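Coordinates in review
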Amino acid sequence: MSNKRYKVTYFDQDGCKEQVTLETPYYICRDSATDLCVFDEQACIGNEALLQNMLNQNLPQSNASCVVNVEPLLI
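Residues numbered from 1 in each chain as written. Predicted model: local features only at pLDDT ≥ 70, side-chain atom pairs only at ≥ 80, totals over all residues. Heavy atoms only, no water.

**Considering the pairing of strand β3 (residues 27-30)**
Spelled out, the test is: Pairing between strands is defined by DSSP: at least two bridges between the two strands are required. A run of H or I in DSSP becomes a helix once it reaches four residues, and a run of E becomes a strand once it reaches two; helices and strands are each numbered from the N terminus.
Note that β3 and strand β4 (residues 36-39) share four bridges and pair antiparallel. Across the sheet, R30 pairs through a bridge with L36, a residue of β4. Hairpin connection of β3 to β4: five residues between the antiparallel strands, including T34 at a positive phi of 65 degrees.

Rendered as structure tokens:
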């Protein structure tokens, strides 16, 4: 599975709106209920909480408190 890149918009712990590029082997998109979900090649493997954890592992100083939007980037 090759990595995909996404532009993630989120609010940090201080309430400031931020953007970061996240690279992951998973697909990130909204499900039928419009919730952000993380998918592998076969099924949904996590919800917005997993996405937030993935994002926080890649942030050097702040923590994302609310993910607002995810846009795919072309590699």
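**Focus on the pattern of salt bridges**
Spelled out, the test is: By salt bridge we mean one thing: a side-chain nitrogen of Lys or Arg within 4 Å of a carboxyl oxygen of Asp or Glu. Here's how the labels work: a residue is buried when its accessible area is under 20% of the maximum for its type, exposed when over 50%, partly exposed in between, all with a 1.4 Å probe on protein chains only.
Overall, the coordinates contain one salt bridge when judged by the stated rule. Residue K7 is joined to E71 by a salt bridge in which the shortest nitrogen-to-oxygen separation is 3.9 Å. On the criterion of sequence distance, the pair formed by K7 in strand β1 (residues 4-12) and E71 in strand β6 (residues 64-73) is long-range, its members being 64 residues apart. The class of K7 is partly exposed, set by a relative accessible area of 25%. Overall, E71 belongs to the partly exposed group, its relative accessible area being 34%.

**Regarding the nonpolar core**
Stated precisely, the cut-off is as follows: What makes a nonpolar core is a set of buried Ala, Val, Leu, Ile, Met, Phe, Trp, Tyr and Cys residues whose side-chain atoms join them at distances within 4.5 Å.
In terms of nonpolar packing, the biggest core is built from 14 residues, with V8, I28, L51, L55, V67 and V70 touching the most fellow members. When contributions to this core are tallied by element, the ones reaching two or more residues are β1, β4, α1 (48-58) and β6.

**Observations concerning the sheet that holds β4**
To be explicit about the condition: Axis lines are fitted through C-alpha atoms, for helices just across the contact stretch, and the angle between N-to-C directions can take any value from 0 to 180 degrees. Whether two residues touch is decided by their heavy atoms; if any such pair falls within 4.5 Å, the residues are in contact.
The sheet built from three strands is open, its strands ordered β3-β4-β5 with antiparallel pairing. In the strand order of this sheet, the two ends are held by β3 and β5 (44-46), each with one partner. Direction aside, the axes of adjacent strands within the sheet are offset by 50 degrees on average. Pairing of β4 with β5 involves two bridges; the strand directions are antiparallel. Looking across to β5, one finds that V38 is bridged to G46. In this fold α1 packs onto β3, β4 and β5, with an angle of close to 75 degrees to the strand it touches most, β4.

**Section: the state of the cysteines**
Which entries qualify depends on this criterion: For this text, the term disulfide refers to a pair of cysteine sulfurs within 2.5 Å.
Counted by the stated rule, this structure contains zero disulfides. Just so you know, C37 is unpaired, no disulfide at all, and the nearest cysteine sulfur is the one on C44, 4.1 Å from it.

**Observations regarding unusual backbone geometry**
The backbone phi angle of T34 is positive, close to 65 degrees, even though this residue is not glycine. By the secondary structure assignment, T34 is in the loop between β3 and β4. Relative accessible area serves as the criterion here: at 52%, T34 is assigned to the exposed category.

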